[in-house]
Amino acid sequence: MREALKEAKKAFEEDEVPVGAVLVHKERIIARGHNQVELLQDATAHAEMICLSAGAAVLENWRLTGATLYCTLEPCAMCAGALLASRVDRLVWAAPDLRVGVHGSWMDLFAHKHPIHSMEISSRILQEEAALLMREFFQKTRNILNT
């Protein structure tokens, strides 16, 4: 998760919502990603999506079985769907996302049994560090807008 936090800090420095992700396969980080929504002007350019695409390229396979995704924020519905479709074995996330998080904050998409895949999930790992980065970002953004 510390490596995912490094990615989130990159997003922060680029004036993106500070979310970072890393994909681990066979105990090795094979892909990294951070939010690039503003840079790319693409609502789908979430840290998780970028990381999953990069991981698939490294493995030369869209099936990411045996992989764990570490992300600094609870996934949204889009990212949760991509995790399931990619066959990621494990998800570890840090801070809850009260607006669109789908592991219980807004709704629990994972409570429903998926027809072809199941995933182990660990939550709130290094939650305070990830949440602090988010608070700092939105305070900074509000200050810029109010000046």
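To be clear, the structure that these remarks concern was listed above.
Caption draft 1: Looking closely at the overall build of the chain. Within the chain one finds 5 helices and 5 strands. When the helices and strands of the chain are listed from N to C terminus, the series reads α-β-β-α-α-β-α-β-β-α. A globule of 147 residues ought to have a C-alpha radius of gyration of about 15 Å, and the chain, at 15 Å, matches this closely. Taken over the C-alpha atoms alone, the chain extends approximately 50 × 30 × 25 Å along its principal axes. Taking all 147 residues of the chain together, the buried fraction comes to 44%. Long-range contacts, defined as pairs at least 24 residues apart, comprise 57% of the intrachain contacts of the chain with a sequence gap of at least 6. Accessible surface, the chain as shown: approximately 8,000 Å² in total, 54% of it carbon and sulfur. The positive charge centre, built from 16 side chains, and the negative charge centre, built from 19, are 4 Å apart in the chain.

Caption draft 2: Representation of unusual backbone geometry. Of note in the backbone geometry, Gln41 takes a positive phi value of approximately 50° without being a glycine. Since its relative accessible area comes to 64%, Gln41 is described here as exposed. In this structure, Arg124 is a non-glycine residue whose phi angle is positive, near 65°.

Caption draft 3: Geometry of the pairing of strand 2 (residues 28-34). Sheet analysis places strand 1 (residues 20-25) next to strand 2, joined by 6 bridges and oriented antiparallel. If you follow Ala21 over to strand 2, its bridge partner there is Gly33. Hairpin remark: strand 1 followed by strand 2, antiparallel, with 2 residues in the connecting loop; positive phi at Lys26, about 55°.

Caption draft 4: Layout of the sheet that holds strand 1. Pairing is mixed in the open sheet, where 5 strands are placed in the order 2-1-3-4-5. Only two strands of the sheet have a single neighbouring strand rather than two, namely strand 2 and strand 5 (120-122). Averaged over neighbouring strand pairs, the angle between their axes works out to 15° when direction is ignored. Looking at chain direction, strand 3 (residues 67-73) and strand 4 (residues 90-95) are connected through 5 bridges and run parallel. The residue bridging Thr68 from the neighbouring strand is Arg90, located in strand 4. Packing against the sheet, helix 5 (residues 127-145) makes contact with strand 3 and strand 4, and its axis sits at approximately 55° to strand 4.

Caption draft 5: Structural view of the environment of Ala95. In this structure, Ala95 sits in strand 4. You can call Ala95 buried: its relative accessible area is 4%. Taking C-alpha positions, Ala95 is 9.7 Å from Pro75, a pair spaced 20 residues apart along the chain. Look past the residues within four positions of Ala95 in its chain and what remains in contact with it is Thr72, Leu73, Glu74, Gln127, Ala130 and Ala131.

Caption draft 6: Representation of the pairing of strand 3 in the model. Within strand 3, 7 of the 7 residues are buried, leaving the element largely enclosed by the surrounding structure. Following the chain from strand 3 across helix 4 (residues 77-85) to the adjacent parallel strand 4, one finds a crossover that is right-handed.

Definitions and limits used
- Residues numbered from 1 in each chain as written.
- Predicted model: local features only at pLDDT ≥ 70, side-chain atom pairs only at ≥ 80, totals over all residues.
- Heavy atoms only, no water.
- Helix = DSSP H or I, 4+ residues; strand = E, 2+ residues; numbered from the N terminus.
- Rg over C-alpha atoms; globule rule 2.2 N^0.38 Å.
- Buried < 20%, exposed > 50% of the residue type's maximum accessible area, 1.4 Å probe, protein only.
- Contact = heavy atoms within 4.5 Å.
- Areas by Shrake-Rupley, 256 points an atom, 1.4 Å probe, with all protein chains shown as cover.
- Lys, Arg positive; Asp, Glu negative; His and termini not counted.
- Charge placed at Lys NZ, Arg CZ, Asp CG, Glu CD.
- Pairing = 2+ DSSP bridges.
- Axes fitted to C-alpha atoms, helices over the stretch in contact; angles between N-to-C directions.
- Right-handed = clockwise from strand over helix to strand, strands pointing away.

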